[in-house]
Amino acid sequence: MIKDTHFYIIAYGTVSVSTKNNGQITTLGPGKYFGELALASTAKRRATVTTVSKCILLTFQKADFDTFLEQVPEAAADFHIKVVNDVSFGMLLHHAIGLECFTKFLESEYSDENIKFWVAVQGFKKLEDDEKDLREEALKIVDKYLNDESDEGQVNVQFFRRKQTLTSPRSKLMKT
C-alpha cells in the first residue's frame, strides 16, 4: 500500500500518474520517482499513482529521508532547489551550481579567497578525528587563508578566532 508519508523510487516496472481533474498525466518507469512532496510538506497528495505492471519500489519514510538530508547537505540543497523551490543561502553553497555561481560572483568582486576558505573548511569538517591529521590540515588552512602574508589573500576573520584556530584544530571557527 502506498502511504502519504513516503517517497518512492521505481526500481522495476511502470506506474501511471493521474489526477481527478485531468485523468492520466504520465507514466513513470525505472529510475523515476514519486511522493517527493510528502517529504517536503504535510499537504495531501495531489495525484494518484497506480501500478501498470509488476513493480519493485524503493521507499523512504519521511523521518529516514530527513536524517539522510541532515547527513548529506549536498543532497538537501539539491532537493530544496528542485522540489521545495526554496533554499537558504547556506544550503545553496552546498549545491554544486550554487557554489559555482557564488564563486564566480566573488571572483568578479576580487574576494574569492572567502569562498575558497569556506570550501577548505567544509573539507576539513569531513576529516576523521585523527588529531595529527586535523592539526596539519588546520595549519594548512590557516597558513593559506588566515596568516597576514597569505598568497591567497587573507579572509576577514576576527583576530581572536584566528589565534584560537592555531591552537585548537576543532575550534568554533572550523565548525561553522
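Check the entry above for the structure.
Predicted, not measured: the structure shown is a model, and the values here were computed from it.

### What to know about the sheet that holds strand S2 (residues 15–19)
One open sheet accounts for three strands, arranged S3-S2-S5; its pairing is antiparallel. Both edges of this open sheet fall to strand S3 (23–28) and strand S5 (48–51), since each of them pairs with a single strand only. Across the sheet, the mean angle separating the axes of adjacent strands is 30 degrees when strand polarity is ignored. Taken together, the five bridges between S2 and S3 define a ladder with antiparallel strand orientation. Counterpart to Val 15 in the pairing with S3 is Leu 28.

### Examining the pairing of strand S1 (residues 6–12)
Two strands pair when backbone bridges link them, and S1 and strand S6 (residues 56–61) are joined in this way by six bridges, in the antiparallel orientation. Paired with Ile 9 across the strands is Leu 58, a residue of S6. Pairing analysis gives two bridges linking S1 to strand S4 (residues 33–34), with the strands arranged antiparallel. When the sheet's bridge partners are listed, Ile 9 is paired in S4 with Tyr 33.

### A word on the packing of helix H6 (residues 113–125) against helix H7 (residues 131–146)
The geometry of H6 relative to H7 is characterised by a closest axis approach of 11 Å and an angle of 175 degrees between their N-to-C directions. For the element pair H6 / H7, the angle class is roughly antiparallel. Contacts from Glu 113, Lys 116, Phe 117, Ala 120, Val 121 and Phe 124 of H6 reach H7 at Leu 134, Glu 137, Ala 138, Ile 141, Tyr 145 and Leu 146.

### Here's the deal with the environment of Thr 48
The residue Thr 48 is located in strand S5 in this model. A relative accessible area of 45% means that Thr 48 is categorised as partly exposed. Along the backbone, Thr 48 and Thr 19 are 29 residues apart, and their C-alpha atoms lie at a distance of 6.0 Å. Not counting residues up to four positions away in its chain, the partners in contact with Thr 48 are Ser 16, Val 17 and Ser 18.

### What to know about H7
Among all positions of H7, only Leu 134, Ala 138, Ile 141, Val 142, Tyr 145 and Leu 146 are buried. What you see down the axis of H7 is that its buried residues fit within an arc of 100 degrees, all on one side. Along H7, the residues that are exposed and aim more than 90 degrees away from the buried face are Lys 132 and Lys 140.

### Some remarks on a nonpolar patch on the surface
Residues Tyr 12, Ile 56 and Leu 58 make up a contiguous nonpolar surface patch of about 320 Å² in total accessible area. Checked against the element boundaries, Ile 56 lands in strand S6. Judged by relative accessible area, Ile 56 falls into the partly exposed class, the value being 47%.

Thresholds, definitions, all that
Residues numbered from 1 in each chain as written. Predicted model: local features only at pLDDT ≥ 70, side-chain atom pairs only at ≥ 80, totals over all residues. Heavy atoms only, no water. Pairing = 2+ DSSP bridges. Helix = DSSP H or I, 4+ residues; strand = E, 2+ residues; numbered from the N terminus. Axes fitted to C-alpha atoms, helices over the stretch in contact; angles between N-to-C directions. Parallel < 35°, antiparallel > 145°, perpendicular 65-115°, else oblique. Contact = heavy atoms within 4.5 Å. Buried < 20%, exposed > 50% of the residue type's maximum accessible area, 1.4 Å probe, protein only. Arc of directions from axis to C-beta. Patch = residues over 30% accessible without salt bridge, like charges linked within 9 Å, V, L, I, M, F, W, Y side chains within 5 Å. Areas by Shrake-Rupley, 256 points an atom, 1.4 Å probe, with all protein chains shown as cover. Salt bridge = Lys/Arg side-chain N within 4 Å of Asp/Glu carboxyl O.

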